[in-house]
Amino acid sequence: MQNLLSLWNAMDARRRVIVLGATLAMFLAVLGLSRMASAPSMALLYAGLDSAAAGEVVTALEQQQVPFEIRGNAIYVDGARRDELRMTLAGQGLPAAGAAGYELLDGLSGFGTTSQMFDAAYLRAKEGELARTILASPQIRAARVHIAQAPSQPFRRDERPTASVTVTSAGGSVSQAQARAFKHLVAAAVSGMLPADVAVVDSVGGLVRLGEEVEPGGDVPDRAEALRRNVERLLAARVGPGRAVVEVSLDVETERESIVEQTYDPQGRVPISSETQERSSSATQPAPGVTVASNLPQGDAAAGGEGKSSSSETRETVNFEVSQTQREVLRQPGAIRRLSVAVLVDGVKTTAEDGTVSWAPRPEEELAVLRDLVASAVGLDEERGDKLTLRSLAFEPLPEEGTAASPGLLDAMGGINLMSVLQLAVLALVALILGLFVLRPLLTGAARGASDLPALPPPSGAGFADGEGDSGRVLTGEIDDEPDLPAFPMMSGGGMEMEDDNDPVARLRRLIEERQTESVEILRGWMELEREK
């Protein structure tokens, strides 16, 4: 404490102000860094909530007096309490997952509630429950369900209800497996609904179409990609992975056509019915008593004989049917009109004994076998105009792009809080700068100005031997006017003469000549003191 007081008293006003300012700055820096270090690290509590659900969560946090921050549509809280707050809010039913469910029916009373109002509330409740069930999937961030159901009518029983589901996935897009699951979930929850009556809409990718629902001709890239993968997998088993490149081009029908054809064969008659009619008749006429001949003068009036007549008729009707062929052809878009396949296969590389690598194309026999395999895999039809090209050429080596990523130092320090380490580093740096460049020069200069110059040991020689006379005297840089030093003989002219002991300049000159090292140190101390002033 005495040393500090002596140093403080030895400082002038300017140095005292500098020391006080440096001390205050150091204190404020330490205080600020300590507050930053002690401040809680904010972690994400919830994000992507709608306005109503986010407002309920904020209200609950304010009631519990929990500090929080709102950044856009995200809510941040203290990282140490994040899990606890999530469990607490979940116990309170927050955040509200989707629309309200069957609790809507609790507010309905029998008095004043019509059947239409109850049906509408029940439909809303079912939509909310389905949305909650879909949100139970960890990959789904938001979901809405809409059910369209016509009122029951006795004369329109064939109408089925339909539904649409809008989902937002946390992974970017909804897969076909998830869409199929949502279809069956909604269809099973609504009476009379089929999975085909449910439409799943992804908020990012649009309408999700399943394999059996894709329109003809609308999946040409997928079909070509499937054929390409099949051929590459087939060739990789023989030539190795990455040594065969396949490209498939599909030319499909884009027009819809319906053809109805009827063909009649006149030579192909077939009897289908036969009808035969037979008719016969007979008649006998008696002889008349008076005839014309009997009235003649020469006529014979004798009676004539009887007359007889008979007839028969046969009629046959045969019905024939002409051979007829009726054909109806319906051509849908998507039928393959032409298929083109190009296959590039690497050759055979051999390594000689001296280490040289030589390349040779694959033999024609092997290429012919590979061509037959590819033709069978893609369903090649040459009559339709399909074309297959297979060649064996040398592959150029691909240049390396970049380097493999490796975990860095921060990844290895996964358990260390990087922000705390940075705060401590800044605090240490500020303390080091203040100590080296502010406090140390001030304290060093004050010590030099307050203390006397370092004492010099007594000179050796006549009159200054240890234990004799002035052995305890040291040089201080001050000229003593008292003649207490012994007289030294000086050479003057031709002999030894004693100089005047009362001459201080002569005494100083004599001391400098005898103690040159000590004199240089004294002069250096004076120069440093003048520089600091």
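Before any of the text, the structure's been laid out above.
Residues numbered from 1 in each chain as written. Predicted model: local features only at pLDDT ≥ 70, side-chain atom pairs only at ≥ 80, totals over all residues. Heavy atoms only, no water.

Visitor: How do you make sense of the pattern of salt bridges when you look at a structure like this?
Guide: Pairing between side chains becomes possible if they bear opposite charge and their charged atoms approach one another. Per the counting criterion, the structure on display carries 15 salt bridges. The partner of R71 in a salt bridge is E69, with the nearest N and O atoms 2.8 Å apart. Note on E69: relative accessible area 33%, which makes it partly exposed. Taking the shortest distance from any N to any O, the salt bridge between E261 and R327 comes out at 2.6 Å. Placement of E261 in strand β9 (residues 257-285) and of R327 in strand β10 (residues 307-331) is noted, with a sequence separation of 66 residues between them. Given the relative accessible area of 46%, R327 is considered partly exposed. A cluster of three or more residues bridged by salt bridges with shared partners is formed by E225, R228, R229 and E232. (Salt bridge = Lys/Arg side-chain N within 4 Å of Asp/Glu carboxyl O. Buried < 20%, exposed > 50% of the residue type's maximum accessible area, 1.4 Å probe, protein only. Helix = DSSP H or I, 4+ residues; strand = E, 2+ residues; numbered from the N terminus.)

Visitor: Before we go on, may I ask you to explain helix α6 (residues 176-189) in this structure?
Guide: One turn of an α-helix holds 3.6 residues; hence residues three or four places apart share an orientation. Between its first and last C-alpha, α6 extends 20 Å over 14 residues, near the 20 Å set by a 1.5 Å rise per residue. Among the residues of α6, Q178, A179, F182, K183, V186 and A187 are the ones counted as buried. Looking straight down α6, one finds that the buried residues subtend no more than 165° of arc, so they occupy a single side. Seen from the buried face of α6, the exposed residues on the opposite side, beyond 90 degrees, are A177 and A188. The secondary structure elements touched by the buried residues of α6 are α5 (115-135), β4 (140-148), β5 (162-169) and β6 (198-202). (Expected span 1.5 Å × (residues − 1). Arc of directions from axis to C-beta. Contact = heavy atoms within 4.5 Å.)

Visitor: What's the story with the packing of aromatic side chains in this structure? I'm lost.
Guide: The geometry of an aromatic ring pair is captured by the separation of the ring centres together with the interplanar angle, meaning the angle of the planes. Per the counting criterion, the structure on display carries zero aromatic pairs. One cation-aromatic arrangement involves R71 over Y76; the distance from NZ or CZ to the ring centre is 4.1 Å. Above the face of the Y46 ring, R86 is positioned so that its terminal group lies 5.9 Å from the ring centre. (Phe/Tyr/Trp six-rings, centres within 6.5 Å; stacked < 30°, edge-to-face > 60°. Lys NZ or Arg CZ within 6 Å of the ring centre and 35° of its normal.)

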